[in-house]
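Letter by letter, the chains look like this.
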Amino acid sequence: YSARNLTLHPMQTTIGKDIKYASMLLQQGEIVAIPTETVYGLAANALNEDAVLRIYEAKQRPRFNPLILHVDSFEKFDTYAQDIPDACYRLAERFSPGPLTFLLPKKNNVPDLVTAGSDHVALRVPAHPFALELLKSIDFPLAAPSANPSGYVSPVTARHVYDGLHGRIPYILDGGPCQVGLESTIIGFEDGKVVLHRYGAVTAEDMEARSGCPVVTKHSDDHPLTPGKLKSHYAPALPLFVGDIPELMKRFGDKRLAVISFRQRYVDPAPDYAFVLSPSGDLHEAARKLFHTMRDIDAIDADVILAELFPEQGLGLAINDRLHRAQSLFR
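This text gives an overview of the structure that appears in the document. Treat the numbers as computed from the prediction; the structure is a model and nothing was measured.

About the criteria used
- Residues numbered from 1 in each chain as written.
- Predicted model: local features only at pLDDT ≥ 70, side-chain atom pairs only at ≥ 80, totals over all residues.
- Heavy atoms only, no water.
- Pairing = 2+ DSSP bridges.
- Helix = DSSP H or I, 4+ residues; strand = E, 2+ residues; numbered from the N terminus.
- Disulfide = S-S within 2.5 Å.
- Buried < 20%, exposed > 50% of the residue type's maximum accessible area, 1.4 Å probe, protein only.
- Contact = heavy atoms within 4.5 Å.
- Phe/Tyr/Trp six-rings, centres within 6.5 Å; stacked < 30°, edge-to-face > 60°.

### Focus on the sheet that holds strand E7 (residues 142-143)
Pairing is mixed in the open sheet, where 11 strands are placed in the order E1-E8-E2-E3-E7-E4-E6-E5-E9-E10-E11. Looking along the sheet, the strands with just one partner apiece sit at the ends: strand E1 (14-16) and strand E11 (215-217). Two elements, E1 and strand E8 (residues 171-173), share 3 bridges in a ladder whose sense is parallel. Residue pairing in the sheet places Thr 14 in a bridge with Tyr 171 of E8.

Set out below in structure tokens:
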């Protein structure tokens, strides 16, 4: 298959709440942006390679970056995966639907294009009523990476999707703002352990308590087996640096600065723009606001974004992971 045979011509992109219309487009092999509780996804029939190629082309996404398959219940995991351990079912019973993705040995009915040639497939059940109703209306899983140009900040509203992909996709199913605001946690299973591939809202502590298995962390950036693990990812248009804010402000004192902080507002000296994600110190609120804030900063006249490190626990680990990937272009 060649993407050159599927060149996208400018098209009318509409936003609406018509689940039946979105379902019809997907059954015709089109791509549709859909809401989930994490971020908006760019969905297509995962078993239709032409449709999947349209995702890659619309996003300009590297072909070696795999996609997540979305289904309407974890009971369908064994339709697309095999050798599923008991720990997976224990975790799925607790966290599905929800922001947890399972990396499992794939069956042959999953195209290699979806898994970027890997023998494992990423599966999850989204916890958004529109996404679940849509999945129940079709007889195939949806491949759905984030609905944005590849490498840019993930979208958490329908308008964010439109700003990045209008003219490239026919329809955006508007389910309101995303409630989590960060991509799902991704895990696999190896030698009786849960392997954490990507941080997200479901934490290692949560999973250890439910599965009874130890959780270990694995990183793979250059040729990832799991989605969202490229070194350059979630990046805004402006250069972003992460670290000690007072030191960074000295380093970039001649620039117009936008500062992202957890709960502290820096005032001596004060930056040109200050974005405090959660004055009350709520990591869930900070996660919901992170990508929205990065997009807002791209629309103002700042020169550089400075971000402080968040607490290295729970969702703070996931926020720091996204910030480090956002800054990697400019190290």
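### A word on the state of the cysteines
By definition, a disulfide links two cysteine residues through a covalent bond between their sulfur atoms. Using the criterion set out here, one finds 0 disulfides in the structure. Cysteine Cys 88 remains unbridged, with the sulfur of Cys 213 as its closest cysteine sulfur at 11 Å. Given the relative accessible area of 0%, Cys 88 is considered buried.

### Comments concerning the environment of Ile 172
In this fold, Ile 172 is placed in strand E8. The spacing of Ile 172 and Ile 34 is 138 residues in sequence and 6.3 Å in space, taken between C-alpha atoms. Filtering out sequence-adjacent residues up to four positions away, Ile 172 remains in contact with Thr 13, Thr 14, Ile 15, Gly 16, Ala 33, Ala 158, Val 161 and Tyr 162.

### Digging into the packing of aromatic side chains
Here the distance between the centres and the angle between the planes together describe a pair of aromatic rings. Here the structure, examined in full by the defined rule, presents 4 aromatic pairs. Ring geometry for Phe 241 versus Phe 252: centroids 4.7 Å apart, planes at 35°, classification tilted. In this pair, Phe 241 sits in strand E12 (residues 240-242) while Phe 252 sits in the loop between helix H9 (245-251) and strand E13 (257-261), placing the two residues 11 residues apart along the sequence. Side by side, Phe 241 and Phe 252 carry an identical accessibility label, which is buried. Note on Phe 262 and Phe 310: the rings are 5.3 Å apart at their centroids and 45° apart in plane angle, and the pair reads as tilted. One end of the pair, Phe 262, is in the loop between E13 and strand E14 (273-276); the other, Phe 310, is in the loop between strand E15 (304-307) and helix H11 (315-327), with 48 residues separating them in the sequence. Of the residues examined, Phe 310 reaches a relative accessible area of 3% and is grouped as buried.

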